[in-house]
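Structural features, examined
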Amino acid sequence: MFSAGNPDADVVSQAIYGTTVVVIDERPGWAKVLTPDQYKGWLRTGEVRQTASSEPAYATSGKTAQVSGLTANLYREPDVTAHQPLLTIPFGSRLEITAEAQGDDDGWLQVRLVDGRQAWVQRGDVDLAPRKLTIDQSIALARRFLGTTYTWAGTSSLGFDCSGFTQMLVRSRGILMPRDADLQAAWSGVDPIDRRRLRPGDLLFFGSSADHITHTGMFIGHGQFIHDTPHGHPGVQISRLKDQPWSRLLVACRRIKQNPPGDGH
């Protein structure tokens with residue numbers, strides 16, 4: 001998603017495969033969209049499939065699955081060797097299931113893609129009944145992404161930025177949180193807490209001041225936090241809160257409320 005309708009504009013976010021977006025403006029070759037977290041940006045029209053008002057949004061009805069692997073390959077037939085994948089889609093992407101293979105092809109699911117094509121995905125790459133995670137489970141999920149390369153404006157397992165990573169972890173608990181770090185710190189769904197009272201799952205915000213937040217991560221206990229940063233070796237990593245520059249740059253700590261806005265999404 002770009003800040004303007006041209007490929008030389010800066011990238012502001014991403015909409016992962018199958019995400020329902022609302023088109024709020026159009027120009028030749030481009031559509032300005034609003035994502036479910038109320039974030040705005042421009043996409044190429046070839047990356048957006050517009051649906052009729054009477055048509056349900058993709059993967060919101062019928063039998064669906066959610067990618068549970070870090071990525072999932074989609075194939076034209078239930079065979080990983082016959083052809084290259086049609087698509088590789090990231091963790092969290094939703095798919096419409098049209099059939100379950102039997103016999104020799106057991107372990108495969110047929111899916112309808114956003115553009116109407118049929119494809120196949122291995123059952124082990126998806127979750128047919130995703131559940132809200134506990135805080136401990138969300139921290140275990142976070143560890144699965146260790147080493148994932150940092151990508152500015154990234155929101156997927158193909159590459160997160162700091163706030164895209166924490167937003168995904170909070171979303172795994174069934175809570176839709178704002179996109180950017182400064183918006184997350186100011187969100188009505190969190191309470192401020194003292195750094196001496198941190199608990200696993202609390203959110204940490206870093207910057208030159210509380211009014212200039214530029215980074216975020218999640219506290220995981222034992223003085224450590226997990227985050228996605230370009231500092232040092234770029235990517236998802238675990239750091240110690242007492243180390244520099246983190247101790248000096250920590251300007252806000254937040255705990256998600258019991259029933260925050262967006263709970264259940």
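For the structure, see preceding data.
Overview of the structure. (Residues numbered from 1 in each chain as written. Predicted model: local features only at pLDDT ≥ 70, side-chain atom pairs only at ≥ 80, totals over all residues. Heavy atoms only, no water.)

What follows concerns the environment of aspartate 211. Relative to the helices and strands, aspartate 211 resides in the loop between strand S14 (203–209) and strand S15 (212–221). Of the residues examined, aspartate 211 reaches a relative accessible area of 78% and is grouped as exposed. Placed 40 residues apart in sequence, aspartate 211 and valine 251 show a C-alpha to C-alpha distance of 8.9 Å. (Helix = DSSP H or I, 4+ residues; strand = E, 2+ residues; numbered from the N terminus. Buried < 20%, exposed > 50% of the residue type's maximum accessible area, 1.4 Å probe, protein only.)

Residues Ser138, Ile139, Leu141 and Ala142 constitute the buried set of helix H1 (residues 135–144). The arc that holds every buried residue of H1, seen down its axis, measures 155°, which confines them to one face. Where the residues of H1 are buried, they touch helix H2 (162–171), S15, strand S16 (224–229) and strand S17 (235–240). (Arc of directions from axis to C-beta. Contact = heavy atoms within 4.5 Å.)

What follows concerns H2. Within H2, 9 of the 10 residues are buried, which leaves the element mostly enclosed by the surrounding structure. Listing the buried residues of H2 in full gives Cys162, Ser163, Gly164, Phe165, Thr166, Gln167, Met168, Leu169 and Val170.

With the rule as written, the count across this model stands at 0 disulfides. For cysteine 162, which is in no disulfide, the shortest distance to another cysteine sulfur is to cysteine 253 and amounts to 15 Å. According to the relative accessible area criterion, cysteine 253 is buried, its value standing at 5%. (Disulfide = S-S within 2.5 Å.)

This next bit is on the sheet that holds strand S7 (residues 94–100). Taken in spatial order, the 5 strands line up as S9-S8-S7-S4-S10 in an open sheet, and their pairing is antiparallel. Where the open sheet ends on each side, the last strands, each with one partner, are strand S9 (118–122) and strand S10 (126–127). One ladder, built from 2 bridges, connects strand S4 (residues 64–67) with S10; its direction is antiparallel. Bridge pairing in S10 places valine 67 opposite valine 126. (Pairing = 2+ DSSP bridges.)

On to the nonpolar core, then. Of all hydrophobic cores here, the largest spans 25 residues; its most connected members are Phe145, Phe165 and Met168. The set of elements that each furnish at least two residues to this core consists of H1, H2, helix H3 (181–186), S14, S15 and strand S18 (250–256). Per-element accounting of this core gives the leading share, 4 residues, to H2. Dropping the residues within four chain positions of it, phenylalanine 145 is found in contact with Leu70, Phe91, Ser157, Phe160, Phe165, Met168 and Val236. Counting residues in each nonpolar core, the second largest holds 16 residues, with Ala65, Ile97, Leu113 and Val121 among its members. (Core = buried A, V, L, I, M, F, W, Y, C linked by side-chain atoms within 4.5 Å.)

Spatial strand order, S13-S18-S14-S15-S16-S17: 6 strands in an open sheet with antiparallel pairing. Two strands close off the open sheet at either side, each with one partner strand: strand S13 (190–192) and S17. Put simply, the sheet's adjacent strands are angled 35° from each other on average, direction ignored. Of the strand pairs in this sheet, S13 and S18 are connected by 3 bridges, and their pairing is antiparallel. (Axes fitted to C-alpha atoms, helices over the stretch in contact; angles between N-to-C directions.)

Attention shifts here to the pattern of salt bridges. With the rule as written, the count across this model stands at 9 salt bridges. Between aspartate 115 and arginine 117 there is a salt bridge, with the nearest N and O atoms lying 2.8 Å from each other. Given the relative accessible area of 46%, aspartate 115 is considered partly exposed. Judged by relative accessible area, arginine 117 falls into the partly exposed class, the value being 38%. With a shortest N-O distance of 3.0 Å, aspartate 243 and arginine 240 are connected by a salt bridge. A relative accessible area of 41% places arginine 240 in the partly exposed class. Salt bridges linked by common partners bring Lys63, Glu100 and Arg123 together as one network. (Salt bridge = Lys/Arg side-chain N within 4 Å of Asp/Glu carboxyl O.)

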